[in-house]
Amino acid sequence: MSKEERRESVVRAAVSEFARGGYHGTSTEAIAQRVGVSQPYLFRLFPNKQAIFLAAAERCLLDTMRVFTKASEGLEGEEALEAMGAAYQQLIADDPEKLLMQMQMYVAVATAEAAGDHEFGDAVRAGWQELWETVHLALGADVAGTTTFLAYGMLINTLVSLGFPSGHRVWSGFVESKRPSEG
């Protein structure tokens, strides 16, 4: 396996491990074991744990941007919004680790900020800003539409993360097509 292929397998493993354990609860040893490499080899691919986490966060955001871009291709306005929403819902249904990794990104950045480390969040904020731009352009540069789409997305992330079933009353403000399917 080439260095780039091994690096890619580390990023995939890191998404899985960080999604479940968070930044502080995940050891680089667990990531190395998942990939089947030694911890010293892991640090030949990445300089430190933070770099591994940031690569996993970047991958999560890039995957989401790709989903939005593909779903909205050739569409405008409400059609683009509906397509991106449905595609995102499918993404987190098919790969719940994407949602968990997003939530862990927010926790890791907030924790770093609280400790005075503002640099850690810079990379994640830059990636999230690219995500915002992707949605913004797909929705015809409509600021209100972009804000509403992402606000609803964050609410959906929160409700799904908390385990509210689609029939629960907290979902009552969503139209039926926006509620997660059972299972």
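As a reminder, the structure under discussion sits directly above these lines.
Student: Which residues make up the nonpolar core, and what are the values?
Tutor: Counting residues in each nonpolar core, the largest one holds 48 residues, and the members touching the most others are Phe 18 and Met 101. Top contributing element to this core by residue count: helix H4 (residues 49–72), with twelve residues.

Student: With reference to specific residues and values, describe helix H2 (residues 28–35).
Tutor: Along H2, the residues classified as buried are Thr 28, Ile 31, Ala 32 and Val 35. Considered in projection along H2, the buried side chains sweep an arc of 100° and stay on one side of the axis. Tucked into the core, H2 has its buried residues touching helix H1 (3–25), helix H3 (39–45) and H4. Positive phi shows up at Gly 36, right after H2, with a value of about 85°.

Student: Can you tell me about the packing of H1 against H2, naming the residues and giving the values?
Tutor: Two numbers describe how H1 lies on H2: the axes approach to 9 Å, and their chain directions differ by 125°. For the element pair H1 / H2, the angle class is oblique. Handedness of the crossing formed by H1 with H2: right-handed. For the pair H1 and H2, contact is made by Arg 6, Ser 9, Val 10, Ala 13, Ala 14, Ser 16, Glu 17, Phe 18 and Arg 20 and by Ala 30, Ile 31, Arg 34 and Val 35, respectively. Grouping the amino acids of the contact of H1 with H2 by side-chain chemistry returns seven nonpolar, two polar and four charged.

Student: Please provide a residue-by-residue account of the packing of aromatic side chains, values included.
Tutor: Within the structure shown, the criterion is met by seven aromatic pairs. A centroid spacing of 4.9 Å and a plane angle of 80° characterise the contact between Phe 18 and Phe 53, whose relative ring orientation is edge-to-face. Residue Phe 18 is found in helix H1, and its partner Phe 53 is found in helix H4; the two are separated by 35 residues along the sequence. With a relative accessible area of 1%, Phe 18 lands in the buried category. What links up through ring pairs into an aromatic cluster is the set Phe 18, Tyr 23, Phe 53 and Phe 120. Above the plane of the ring of Tyr 23 lies Lys 49, whose end atom (NZ or CZ) is 4.9 Å from the centre.

Student: Please set out the side chain of Gln 104 residue by residue, giving values where relevant.
Tutor: Position of Gln 104 among the secondary structure elements: in helix H6 (residues 96–114). Not counting the four nearest positions on each side in its chain, Gln 104 is found in contact with Phe 18, Ala 19, Arg 20, Gly 21, Gly 22 and Phe 53.

Student: Explain the environment of Gly 77 residue by residue, including any values.
Tutor: Relative to the helices and strands, Gly 77 resides in helix H5 (residues 77–94). Residue Gly 77 is classed as partly exposed on the basis of its relative accessible area of 35%. Remark: the alpha-carbon pair of Gly 77 and Phe 53, spanning 24 residues in sequence, is separated by 34 Å. Contacts of Gly 77, omitting those with residues within four sequence positions, involve Ala 138 and Leu 139.

Student: Summarise the pattern of salt bridges; cite the residues concerned and give the values.
Tutor: Tallied over the entire structure, the rule returns nine salt bridges. Several salt bridges converge on common partners, so that one network encompasses Asp 63, Arg 66, Asp 95 and Lys 98.

Student: Tell me what's going on with the environment of Ser 172, and back it up with residues and numbers.
Tutor: If you trace the backbone, Ser 172 turns up in the segment after helix H8 (143–161). Distance from Ser 172 to Lys 98, taken between C-alpha atoms, is 25 Å for residues 74 residues apart in sequence. A distance of 2.8 Å separates a polar atom in the side chain of Ser 172 from the backbone oxygen of Arg 169.

Student: Would you mind going over unusual backbone geometry in detail, with residue names and values included?
Tutor: In this model, Ala 141 sits at a positive phi of 60°, which is unusual for a non-glycine residue. Relative to the elements of secondary structure, Ala 141 occurs in the loop between helix H7 (119–138) and H8.

Student: Hey, could you go over the packing of H1 against H6 for me, with residue numbers and the actual values?
Tutor: For the pair H1 and H6, the least separation of the axes is 8 Å and the interaxial angle reads 30°. Between H1 and H6, the angle falls in the class roughly parallel. Relative to H6, H1 is oriented so that their crossing is left-handed. Every residue of H6 that contacts H1 at Val 15, Ser 16, Phe 18, Ala 19, Arg 20, Gly 21, Gly 22, Tyr 23 and His 24 is listed here: Glu 97, Leu 100, Met 101, Gln 104, Ala 108 and Thr 111. A per-class count over the contact of H1 with H6 returns seven nonpolar, six polar and two charged.

Rules used in this analysis
Residues numbered from 1 in each chain as written. Predicted model: local features only at pLDDT ≥ 70, side-chain atom pairs only at ≥ 80, totals over all residues. Heavy atoms only, no water. Core = buried A, V, L, I, M, F, W, Y, C linked by side-chain atoms within 4.5 Å. Buried < 20%, exposed > 50% of the residue type's maximum accessible area, 1.4 Å probe, protein only. Helix = DSSP H or I, 4+ residues; strand = E, 2+ residues; numbered from the N terminus. Arc of directions from axis to C-beta. Contact = heavy atoms within 4.5 Å. Axes fitted to C-alpha atoms, helices over the stretch in contact; angles between N-to-C directions. Parallel < 35°, antiparallel > 145°, perpendicular 65-115°, else oblique. Left-handed = near helix turned anticlockwise from the far one by under 90°. Nonpolar A, V, L, I, M, F, W, Y, C, P; charged D, E, K, R; others polar. Phe/Tyr/Trp six-rings, centres within 6.5 Å; stacked < 30°, edge-to-face > 60°. Lys NZ or Arg CZ within 6 Å of the ring centre and 35° of its normal. Salt bridge = Lys/Arg side-chain N within 4 Å of Asp/Glu carboxyl O. Polar contact = N/O pair within 3.5 Å; in protein donor to acceptor, adjacent residues only side chain to side chain.

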